[in-house]
Amino acid sequence: MTLSRRSVLCGTLILALWLGFFTRWHQADTRPPAWDESVHLQLALDYRDFLSHNIPITSPWASVYTPLYHLSLIPALSIGVPSEAKAAATHVVYLILLMAALVLLLQKAGRP
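Residues numbered from 1 in each chain as written. Predicted model: local features only at pLDDT ≥ 70, side-chain atom pairs only at ≥ 80, totals over all residues. Heavy atoms only, no water.

Notes on the environment of P32
If you trace the backbone, P32 turns up in the loop between α1 (5-28) and α2 (35-53). Considering only alpha carbons, one finds P32 and S83, 51 residues apart in sequence, at a separation of 9.7 Å. (Helix = DSSP H or I, 4+ residues; strand = E, 2+ residues; numbered from the N terminus.)

Structure follows, in structure tokens:
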């Protein structure tokens with residue numbers, strides 16, 4: 001199962017454009033995180049504290065959201081000072097996984 005040169009070029013172009021837009025957004029958005037982003041950021045930090053220091057998670061939001069997403073943010077948030085931008089940067093990994101899955105689906109369907 002090989003990727004065509006065109007598929008790799010298109011995927012690389014889409015990723016480069018997305019990273020460019022993300023970088024521009026990161027530079028332009030200087031506001032503090034909104035309520036929803038703050039809840040998710042704090043919940044990820046609570047999970048990190050639980051895993052690192054065995055501090056119980058007391059947030060009522062922990063029972064609303066599944067922990068996998070918040071646990072996946074911990075590596076990025078553990079480098080330097082935690083921030084919303086670092087949490088949003090992890091979405092690059094999710095985008096790459098999505099694109100790879102879509103390419104595999106298209107290949108199985110017989111399309112380049």
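With respect to helix α5 (residues 91-108)
In an α-helix, one turn spans 3.6 residues, which is why side chains three or four residues apart end up on the same side. In a regular helix each residue adds 1.5 Å, so 18 residues correspond to 26 Å; α5 covers 26 Å between its end C-alpha atoms and thus fits that length. Those residues of α5 that fall on the buried side of the exposure criterion are V92, L95 and M99. Looking straight down α5, one finds its buried side chains confined to an arc of 55°; they lie on one side. Residues L97, L105 and K108 are exposed on α5 and point more than 90 degrees away from its buried face. On the buried face of α5, the contacting elements are α1 and α4 (84-89). (Expected span 1.5 Å × (residues − 1). Buried < 20%, exposed > 50% of the residue type's maximum accessible area, 1.4 Å probe, protein only. Arc of directions from axis to C-beta. Contact = heavy atoms within 4.5 Å.)

As for the nonpolar core
Counting residues in hydrophobic clusters, the biggest one holds six residues: L41, A44, L45, L73, L77 and A87. Elements with a minimum of two residues in this core: α2 and α3 (67-77). Setting aside its immediate chain neighbours within four residues, A87 contacts L73 and L77. (Core = buried A, V, L, I, M, F, W, Y, C linked by side-chain atoms within 4.5 Å.)

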